[in-house]
Amino acid sequence: SVQVTDKLAHVRGLFGVFQGGTIELLAMPGTDAKQNKPTSLGSYYVTPLEAMPLDVEVRLPNGTTHVMAIVRDAMGKEIGELDRALVPANK
């Protein structure tokens, strides 16, 4: 889930993986954003031996429409998308 305040986004989730490596959070821009490339929000080590709780506050670039979590193996190769969440409008 993603909750947005004036300056930060609070990203939370509980994940399990079948291979050790990292989970990388990416800020995904909308199609009308000037920069159409994702922005990394951080990487976190994971192991298949235990669940990985994620509870972080991050600064989102302008134009971010959703946050995606991808899994990378120990060599950094992308395995696939783990989850994604829409970024709600800041109220």
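Bear in mind the structure is a predicted one, so any value in this text is a computation, not a measurement. (Residues numbered from 1 in each chain as written. Predicted model: local features only at pLDDT ≥ 70, side-chain atom pairs only at ≥ 80, totals over all residues. Heavy atoms only, no water.)

### What about the sheet that holds strand E3 (residues 21–29)?
Spatially, four strands are ordered E4-E3-E6-E7 in an open sheet, and the strand pairing comes out antiparallel. Either end of the sheet is taken by a strand with one partner, and the two such strands are strand E4 (39–46) and strand E7 (78–86). For this sheet the average axis-to-axis angle between neighbouring strands, irrespective of direction, equals 20 degrees. Sheet topology places strand E6 (residues 64–73) next to E7; seven bridges connect them, and they run antiparallel. By the bridge assignment for E7, Val-67 is matched with Ala-85. (Pairing = 2+ DSSP bridges. Helix = DSSP H or I, 4+ residues; strand = E, 2+ residues; numbered from the N terminus. Axes fitted to C-alpha atoms, helices over the stretch in contact; angles between N-to-C directions.)

### Re the environment of Tyr-44
You can see Tyr-44 is positioned in strand E4. A sequence separation of 23 residues divides Tyr-44 from Gly-21, and the C-alpha atoms of the two residues are 8.4 Å apart. For Tyr-44, the contacting residues outside a window of four places in its chain are Gly-21, Thr-22, Ile-23, Leu-25, Met-52, Leu-54 and Val-56. (Contact = heavy atoms within 4.5 Å.)

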